[in-house]
Amino acid sequence: MTSPSASHAAQARSGALAAALCYLLWGLVPLYWKQLAAINSLELIAHRHVWSLVLLAGLVAAQGGFAAVVAALQTPRSLGTHLLSATLLTANWLVYVWGVNSGHVIETSLGYFLVPLVNVAAGRFVLHEHLRRIQWLAIALAATGVAVMILQLGRPPWIALVLAATWGGYSLMRKQSPLGALSGLTVETLLLAPVALGFLAWQYHTGNGALGRVDLPTHVLVLSAGVITAIPLLLFGYAARRIRLSTLGLLQYLAPSVQLGLGIWVYHEPFSRARALSFSFIWAALALYTLDNILAQRRAPAP
């Protein structure tokens, strides 16, 4: 008979593996979007909404979770919260896909490196949470890294900043929702699906849509948008229930690290010394942030 400690260890191992696979897939997803670079980014996001909804609805039905979805649509407050989170998520997806397909994979990776620090700043200035000294220092180092990049580029790295801000805002709104990851994403996708369907119908009517006008491999890729969206999210949900938050936080850096590697070694985007210096400040900030989280968890009383 398996002991409770052995069972817990096995669950932790499977959770860590699921988290690593989730973040690896998110890191490799530019390879998928690059294959669809000839299609308008807005149309790609509309397809992502529609085919994600088809897949998510099937998963929710299999789990008997439609009651939670319907309940979330019945109160104005819940409706407003999820509509805002859906808009932030869609903006994040749109800027990300456009950035990847416009030759800015490195800058998109920067955006996701900044997300944990944006979340800390949002906690302080929006939720009025107390920040420890190391957290303030991490934010200051990240701000310095962004300032160095502004000096190097002659403009703000707006793709990275918009990605970090929209994902940080989305995370903040999701904290206001009682729904789990699957039900929450289903509600968000459902709210904007009519807009996505209307846009795709208009694209087809005007002769600009991809469906029916591209080759078979491209059709398969477009119709796979739902799977590309849902599989990493399901892996994330599985992992989040089985491993510690600190472990999940460490593994989250895998995705932008893989994206950075793709930008440098696969797509040969420029990575100058000034840009490397900027990233060094941000990596130092993330190291401090991670160290502070680990120390805080060790000081916390056991449940």
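Residues numbered from 1 in each chain as written. Predicted model: local features only at pLDDT ≥ 70, side-chain atom pairs only at ≥ 80, totals over all residues. Heavy atoms only, no water.

**What to know about the overall build of the protein**
Note the threshold: Think of it this way: any DSSP run of H or I at least four residues long counts as a helix, any run of E at least two long counts as a strand, and we number them from the N terminus. Both definitions apply: the radius of gyration is a C-alpha atom measure, and the globule rule equals 2.2 Å times residues to the power 0.38. Partly exposed describes any residue whose relative accessible area lies between the buried limit of under 20% and the exposed limit of over 50%, with all areas from a 1.4 Å probe on protein chains only and scaled to the type maximum. The criterion used for residue contact is that any of the two residues' heavy atoms lie within 4.5 Å. We get accessible surface area from the Shrake-Rupley algorithm with a probe of 1.4 Å; when it comes to residues, only the shown protein chains can shield them. We treat Lys and Arg as the positive residues and Asp and Glu as the negative residues; His and chain ends play no part in the count. The atom standing in for a charge is NZ when the residue is Lys, CZ when it is Arg, CG when it is Asp and CD when it is Glu.
Broken down by element type, the protein carries 13 helices and zero strands. In sequence order, the protein lays out its α and β elements as α-α-α-α-α-α-α-α-α-α-α-α-α. In terms of overall size, the protein behaves like a compact globule, its C-alpha atoms giving a radius of gyration of 20 Å where 303 residues would be expected to give roughly 19 Å. Once the C-alpha set of the protein is aligned to its principal axes, its extents read approximately 60 × 55 × 45 Å. With 303 residues in all, the protein has 44% of them scored as buried. Put simply, 83% of the contacts in the protein that link residues at least 6 apart link residues at least 24 apart. Total accessible area on the protein is roughly 15300 Å²; 69% of this is exposed by carbon and sulfur atoms. When the 18 basic and 7 acidic side-chain charges of the protein are each reduced to a single mean position, those positions are 12 Å apart.

**Thoughts on the packing of helix 4 (residues 76-101) against helix 5 (residues 105-125)**
Selection rule: Interaxial angles span 0 to 180 degrees and are taken between N-to-C directions of axes, which are lines fitted to C-alpha atoms, for helices over the stretch in contact. A crossing counts as left-handed when the near helix is turned anticlockwise from the far one by less than a right angle, and as right-handed when that turn is clockwise. Note on residue classes: Ala, Val, Leu, Ile, Met, Phe, Trp, Tyr, Cys and Pro are nonpolar, Asp, Glu, Lys and Arg are charged, and everything else, Gly too, is polar.
Across the interface, helix 4 lies against helix 5 with an axial gap of 8 Å and an inter-helix angle of 150°. Along this stretch, helix 4 crosses helix 5, giving a crossing that reads as left-handed. Where helix 4 abuts helix 5, its residues Asn92, Tyr96, Gly99 and Val100 lie against Val105, Thr108 and Tyr112. Across the contact of helix 4 with helix 5, the residue classes break down as four nonpolar, three polar and no charged.

**A short note on helix 9 (residues 216-223)**
What counts here: In this description, one arc is meant: the one made by directions from the helix axis to the C-beta atoms.
Every buried residue of helix 9 is accounted for by Thr218, His219 and Val222. The buried residues of helix 9 all sit within an arc of 105° when viewed along its axis, so they share a single face. Exposed and facing more than 90 degrees away from the buried side of helix 9 are Leu216 and Pro217.

**Let's talk about the nonpolar core**
Put simply, the rule is: Among buried residues, those of type Ala, Val, Leu, Ile, Met, Phe, Trp, Tyr and Cys that are joined through side-chain atoms within 4.5 Å constitute a nonpolar core.
Counting 56 residues, the largest nonpolar core has Trp33, Leu36, Tyr96, Leu110, Leu114, Leu117 and Phe279 as the members making the most contacts within it. The biggest single contributor to this core is helix 5, with ten residues. Excluding residues that lie within four positions of it along the chain, Leu117 makes contacts with Ala138, Ile139, Ala142, Ala285, Leu286 and Tyr289. Among the nonpolar cores identified, the runner-up in size contains nine residues, and Ala18, Ala19, Tyr23 and Leu235 belong to it.

**Some thoughts on the side chain of Ser177**
The condition is simple: N or O atoms closer than or at 3.5 Å make up a polar contact, with two conditions inside protein: a donor-capable atom paired with an acceptor-capable one, and, for residues adjacent in sequence, both atoms drawn from side chains.
Turning to its location among the elements, Ser177 is positioned in the loop between helix 7 (158-175) and helix 8 (181-205). Judged by its relative accessible area of 11%, Ser177 is buried. A distance of 2.8 Å separates a polar atom in the side chain of Ser177 from a polar atom in the side chain of His82. A distance of 3.2 Å separates a polar atom in the side chain of Ser177 from the backbone nitrogen of Leu179.

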